[in-house]
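So the chains spell out like this:
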Amino acid sequence: MTLQQEIVGNAMQMAVVNLRPGQTVYCEAGKFLFKTANVTMETRLSGPSGGGGQQQGGSGGMGGLLRQAMGTAMQVGQRMLAGESLAFQYFTAQGGEGTVGFAGVLPGEMRALELDGTRAWFAEKDAFVAAESSVEFGIAFSGGRTGMSGGEGFILEKFTGHGTVIIAGAGNFIDLNPADFGGRIEVDTGCVVAFEEGIQYGVQRVGGLNRQGIMNAVFGGEGLSLATLEGNGRVILQSLTIEGLANALKKAQGGDKQGPTGGLFSTHAG
């Protein structure tokens, strides 16, 4: 069964999850908002794929405990390398139905994705909010060349298994399928929120090292690279990038006085 949840709000959405007795949902540390009194909360370093979804006994003796500890250490190491939260919080309804609320960290939308075990989902770093314990959370590395060119594209969150996973992004979402646009779309690297397994993700340079390429990079606001998404499957994009939000706040505080190319193109007087 899928997770019973409702996404509410507009500019800063939240997910309200209704848990059946004994049902468990987990979230990244820092995404929890509220819960009813009969919902227990436990913080663990391990994710569901490492036995974090449910308590495990001492089967296997010392060897089993050692394997479990090593698995947890590998998970924590991956998340540390990816800049993700080191811990997960688990919520379980006891003695009846319970309610838990979660939210992202930026003004924007949330989306509940349903996994049926046939296709994984990939998401940008920090997109994960919460999932039921039958969904496994992992880190995917998209390759050194792609990552170094695309910034956010190097490290992706990966969700597998069965059940509901809730993600969040900035601004408004739009759902696209590259197959509806000739099989390929090109977007700002910071606009990619999530995509289904089967979509080929890459990064390409914007133009060549010529006059127009330099104009695109310096004045176009996109940098030197665009993300490419090819294939047949769902893609979720966001209208606001973290970099764009940071630059807007910096400009409002008077920190961006020189503009993109220096003092000749000042964007803030004063």
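Structure's up top.
No experiment lies behind these values; they were computed from the predicted model shown. (Residues numbered from 1 in each chain as written. Predicted model: local features only at pLDDT ≥ 70, side-chain atom pairs only at ≥ 80, totals over all residues. Heavy atoms only, no water.)

A.B. asks: I keep staring at the overall build of the protein chain and nothing clicks. Help me out?
C.D. replies: Within the protein chain, the regular secondary structure consists of four helices and 18 strands. Of all intrachain contacts in the protein chain linking residues separated by at least 6 positions in sequence, the fraction that spans at least 24 positions is 78%. Just so you have it, the protein chain exposes about 13,700 Å², and 55% of that area is on carbon and sulfur atoms. (Helix = DSSP H or I, 4+ residues; strand = E, 2+ residues; numbered from the N terminus. Contact = heavy atoms within 4.5 Å. Areas by Shrake-Rupley, 256 points an atom, 1.4 Å probe, with all protein chains shown as cover.)

A.B. asks: Got a minute to help me understand the nonpolar core in this structure?
C.D. replies: The tendency in soluble globular proteins is for nonpolar side chains to be buried side by side. Membership of the largest hydrophobic core comes to 21 residues, with the highest contact counts inside it found for Tyr26, Phe128, Phe159, Val165 and Ile167. Elements represented by at least two residues in this core include exactly strand E6 (88–93), strand E8 (110–116), strand E9 (121–124), strand E10 (128–132), strand E11 (135–141), strand E12 (155–168) and strand E15 (192–196). No other element matches the four residues that E12 contributes to this core. By size, the runner-up hydrophobic cluster in this structure holds 16 residues, among which are Leu19, Phe91, Val100 and Met110. (Core = buried A, V, L, I, M, F, W, Y, C linked by side-chain atoms within 4.5 Å. Buried < 20%, exposed > 50% of the residue type's maximum accessible area, 1.4 Å probe, protein only.)

A.B. asks: Can you help me understand the packing of aromatic side chains in this one?
C.D. replies: Pairs of aromatic rings are described using the distance from one ring centre to the other and the angle between the two planes. For the structure shown, the criterion picks out twelve aromatic pairs. Ring centres of Tyr26 and Tyr90 lie 5.5 Å apart, and the angle between their planes is 25°; on these two criteria the pair is classed as stacked. Remark: Tyr90 occurs in strand E6 and Tyr26 occurs in strand E3 (residues 24–28); sequence separation between them is 64 residues. Both residues of the pair, Tyr26 and Tyr90, belong to the buried class. Lying over the aromatic face of Tyr90, Arg44 brings its terminal NZ or CZ to 4.1 Å of the ring centre. (Phe/Tyr/Trp six-rings, centres within 6.5 Å; stacked < 30°, edge-to-face > 60°. Lys NZ or Arg CZ within 6 Å of the ring centre and 35° of its normal.)

A.B. asks: What exactly am I supposed to notice about empty space enclosed by the protein here?
C.D. replies: Where empty space is left in the structure can be found by rolling a water-sized probe over the atoms. With the rule as written, the count across this model stands at two cavities of 30 Å³ or more. Computed from the structure, the second largest cavity encloses a volume of approximately 30 Å³. In this structure, the second largest cavity is lined by Met12, Gln13, Gly104, Leu106, Gly108, Glu109, Met110, Ala168 and Gly169. Here the lining of the second largest cavity is composed, by residue class, of four nonpolar, four polar and one charged. (1 Å grid on protein atoms, 1.4 Å probe; cavity = no way out; pocket = protein on both sides within 12 Å on 5 of 7 lines; lining within 4 Å. Points joined across faces, edges and corners; volume = space filled by probe spheres on them. Nonpolar A, V, L, I, M, F, W, Y, C, P; charged D, E, K, R; others polar.)

A.B. asks: It is not clear to me how the sheet that holds strand E2 (residues 14–19) should be interpreted in this structure. Could you clarify?
C.D. replies: Within a beta sheet, neighbouring strands are joined by backbone hydrogen bonds and run either parallel or antiparallel to one another. One open sheet accounts for four strands, arranged E1-E2-E7-E4; its pairing is antiparallel. Taken across any chain shown, the strands that pair with only one partner, and hence form the sheet edges, are strand E1 (4–8) and strand E4 (32–35). Here the average twist between neighbouring strands, direction ignored, is 20°. In this sheet, strand E7 (residues 98–103) lies alongside E4 in antiparallel orientation, the contact comprising three bridges. Residue pairing in the sheet places Phe32 in a bridge with Phe102 of E7. (Pairing = 2+ DSSP bridges. Axes fitted to C-alpha atoms, helices over the stretch in contact; angles between N-to-C directions.)

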